[in-house]
Amino acid sequence: MSTKKPLADATEGVDPETGQPRTERKTGSYTSRVMGAFFAVASMTVLIIVVVLASVWNTHFRDYTHDSMQNLAASLAESIGYSYGSSASKDEEWDLDTLACVNVASDLFDTWNIRVEDEKGAVVYDNDQTSSKLFGPQKGGESVASAPIMVKDEQVGTVYVRVFGSTDLSTALDREFQSRSYQAIVLAGLIALIAALIVGFLFSRALVRPINGIAHAANRIKEGDYSARSGLSGNDEISRLGETFDRMAESIEANRDLERRLVTDVAHELRTPLMAIQATVEAIIDGVYEPSPERLETLNSEVRRLSRLVDALLKLSRLENRANPVEMTRLDLSELLETVAESHKAFVVDSGLNFEFRRDPHVYILGNADMIRQATANLISNAVRYTPEGGTVTLSVKKGDIMGQIAVSDTGIGLTPEEAKMVFSRFWRADRGRARDTGGLGIGLSVVKEIVDRHNGWVHVDGRPNEGACFTIYIPLIREQERPRRLRIGRENPKNLS
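This one's a predicted model, so the numbers in the text were calculated from it and none came from an experiment.

### A short note on the overall build of the chain
- For the chain, the count of helices and strands is nine helices and 14 strands.
- Within the chain, the proportion of its 498 residues that are buried is 38%.
- When the accessible surface of the chain is totalled, it reaches about 30000 Å², and 55% of it is carbon and sulfur.

The following block contains the structure:
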């Protein structure tokens, strides 16, 4: 059985995505291809110029030489006609005086053949000594110029002029000029070809340099250096490609940082409950502890805490991944948060606190209802956690000039300006000793910030130690007369965030 040999200019491979064989043809470098293109264009241009100029040059030069000789013949005929008839007898009309101008022309231009014939066709002058009177220059055609000799409106003869050895009435000087013109055109063409190669080389190098920069940066990212950037900027297509690549690299680096931070945070936060569960289980296995309901409840409490932590981390991870979708609709914050207030009032009161809800009517925004509920619930839960019994938690909705406001204030332990800068950081907690319970997971406020960022808004915190704190969410308003609309951002279903 015979096997087919691969082509010499192709290499076989397999597409990693489809698994199908593919053929990659070997091509030269981009610089060589650009230089080849410039050279081909320049060669074609030079060839067209040479062909066009040669055609036009031959036609016009032939007309020029013919017109020159025709003018000479006409001038000689006029001079002869002026001198003709001055002799005493008719036989002497074609004497030397009459043909003096012809003799002068023959002496000046020894490459011209000048013939004069009378009205009967008899040759009266011919400076071509090798020809006979019967076989002079051919009359008519492009190789001979002729002019009638007129005397008092009567033709008495004809002057014929031709150039020895020429079929187009061009002289040796004319042919030399024409030849040198062609040489100049060829030389100019060669110079143009060399210039095209140089310009093509410089152009391709200038074009390839930023592309190589992008390729080098991409290779560094492939090797794990996510800080690599092309550094290109400008208005041309390659600069915009470089800027797009840099934004992509920044997104990749941010995702990698997020992944590392998530892994580190999960490892750190899971260690404590896992160690507690492990220690309790090992003690029960070793017989140190009895598997009593109290011990089992301790294990169950730690497991629930782990479940809440994992769920919160997943929510935060989805929010921080900006490629995920969020469906935005026209919302009335007043109506939406009224339902949130009703559902959380019992939770606040059961915690020994007072709850108040204040609102402005019809505060319209473009947002995701589930995410707004989640952010508000996180703020209320945070306020309850850090407010002692007998305190007050207030939820308010306000309508500003261009921003809708959701504010959750409390009369709790408050926070310092330094703590206000850290409060939205992941896994940051206030002093556990001042919290009413465990102090939470340290993720809730990070989720709030991410939700607000996805709504093109911001969240601000004010507070003083032992005087309470106020968290305010700002989200852009939409006009009341605008028709309801939906806006999908990304790909994810917002229900996955609840």
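### Focus on the nonpolar core
- Grouped together as the largest cluster of nonpolar side chains are 44 residues, with contacts concentrated most on L333, I372, V393, F471 and I473.
- The element best represented in this core is helix α7 (residues 369-385), accounting for eight residues.
- Aside from chain neighbours lying at most four places away, what touches L333 is V363, I365, I372, V397 and I406.
- Formed by 23 residues, the second largest nonpolar core is a distinct cluster that contains I80, W94, V116 and I149.

### Some words on the sheet that holds strand β4 (residues 123-126)
- Strand order in the open sheet made by the four strands is β4-β3-β6-β5, with antiparallel pairing throughout. Every other strand in the sheet has two partners, leaving β4 and β5 (145-151) as the edge strands with one partner each. Sheet twist, expressed as the average angle between the axes of neighbouring strands with direction ignored, equals 20 degrees.
- The strands touched by helix α1 (residues 30-83) within the sheet are β3 (112-118), β5 and β6 (154-163), with β5 carrying the most contacts at an inclination of about 20 degrees.
- The sheet strands contacting helix α2 (residues 100-108) are β3 and β4, and the helix crosses β3 at an angle near 165 degrees.

### Quick word on the pairing of strand β10 (residues 392-399)
- Where burial is concerned, most of β10 is hidden: six out of the eight residues are buried.
- Here strand β8 (residues 354-359) runs beside β10; their pairing, made up of six bridges, is parallel. The residue bridging F355 from the neighbouring strand is V393, located in β10.
- Taken together, the seven bridges between β10 and strand β11 (residues 403-410) define a ladder with antiparallel strand orientation. Looking at the pairing, L395 lines up with V408 of β11.

### Overview of the sheet that holds β10
- Reading across from one edge, β8-β10-β11-β13-β12 is the order of the five strands in this open sheet, with mixed pairing throughout. If you trace the sheet from one side to the other, it starts and ends with β8 and β12 (458-464), each paired once. Strand after strand, the sheet turns through a mean of 10 degrees between neighbouring axes, direction not considered.
- Each of β8, β10 and β11 touches helix α6 (residues 333-350); the most contacted strand, β8, lies at about 175 degrees to it.
- In this fold helix α9 (residues 444-454) packs onto β12 and β13 (468-476), with an angle of close to 25 degrees to the strand it touches most, β13.

### A closer look at the environment of I221
- Mapped onto the elements of the fold, I221 is located in helix α3 (residues 172-222).
- For the pair I221 and A249, spaced 28 residues apart in sequence, the C-alpha separation works out to 7.8 Å.
- Excluding anything up to four places from it in sequence, I221 contacts Y226, A228, F245 and A249.

### A short note on the packing of aromatic side chains
- By the definition in use, this model includes two aromatic pairs.
- On the basis of an interplanar angle of 40 degrees and a centroid distance of 5.7 Å, the ring pair of F38 and F203 is categorised as tilted. Of this pair, F38 sits in helix α1 while F203 is found in helix α3, placing the two residues 165 residues apart along the sequence.
- Given the relative accessible area of 29%, F38 is considered partly exposed.
- Overall, the relative accessible area of 42% leaves F203 in the partly exposed class.
- The cationic tip of R330 hangs over the ring face of Y364; the distance from NZ or CZ to the ring centre is 4.2 Å.

### Remarks on a nonpolar patch on the surface
- On the surface, M44, I48, V52 and V56 cluster together into a nonpolar patch covering about 360 Å² of accessible area.
- With respect to the helices and strands, I48 occurs in helix α1.

### Topic: the packing of α6 against α7
- The interhelical angle for the contact between α6 and α7, taken along N-to-C directions, is 35 degrees, at an axis separation of 10 Å. Of the two elements, α6 crosses α7, and the hand of that crossing is right-handed. The segment α6 lies against α7, with L333, L336, L337, T339, V340, H344, F347 and V348 engaging A369, I372, R373, T376, A377, I380, S381 and V384.
- The residue makeup of the contact of α6 with α7, split by class, is eleven nonpolar, four polar and one charged.

### Re the pattern of salt bridges
- Under the definition given, this model contains nine salt bridges.
- One salt bridge connects E338 with R359, and the closest N-O pair in it is separated by 3.1 Å. With a gap of 21 residues between them, E338 in helix α6 and R359 in strand β8 connect regions that are remote in the sequence.
- If you follow the salt bridges from partner to partner, you end up with R115, E117 and D126 in one network.

### Points about the side chain of S334
- Among the structural elements, S334 can be located in helix α6.
- By relative accessible area, S334 is classed as buried at 1%.
- A polar contact is formed between the side chain of S334 and the backbone nitrogen of H362, at a distance of 3.5 Å.
- Among all residues touching S334, those that are not within four sequence positions of it are F357, R359, D360, P361, H362, V363 and V397.

What counts, and at which threshold
- Residues numbered from 1 in each chain as written.
- Predicted model: local features only at pLDDT ≥ 70, side-chain atom pairs only at ≥ 80, totals over all residues.
- Heavy atoms only, no water.
- Helix = DSSP H or I, 4+ residues; strand = E, 2+ residues; numbered from the N terminus.
- Buried < 20%, exposed > 50% of the residue type's maximum accessible area, 1.4 Å probe, protein only.
- Areas by Shrake-Rupley, 256 points an atom, 1.4 Å probe, with all protein chains shown as cover.
- Core = buried A, V, L, I, M, F, W, Y, C linked by side-chain atoms within 4.5 Å.
- Contact = heavy atoms within 4.5 Å.
- Pairing = 2+ DSSP bridges.
- Axes fitted to C-alpha atoms, helices over the stretch in contact; angles between N-to-C directions.
- Phe/Tyr/Trp six-rings, centres within 6.5 Å; stacked < 30°, edge-to-face > 60°.
- Lys NZ or Arg CZ within 6 Å of the ring centre and 35° of its normal.
- Patch = residues over 30% accessible without salt bridge, like charges linked within 9 Å, V, L, I, M, F, W, Y side chains within 5 Å.
- Salt bridge = Lys/Arg side-chain N within 4 Å of Asp/Glu carboxyl O.
- Left-handed = near helix turned anticlockwise from the far one by under 90°.
- Nonpolar A, V, L, I, M, F, W, Y, C, P; charged D, E, K, R; others polar.
- Polar contact = N/O pair within 3.5 Å; in protein donor to acceptor, adjacent residues only side chain to side chain.

These figures capture arrangement, not role.
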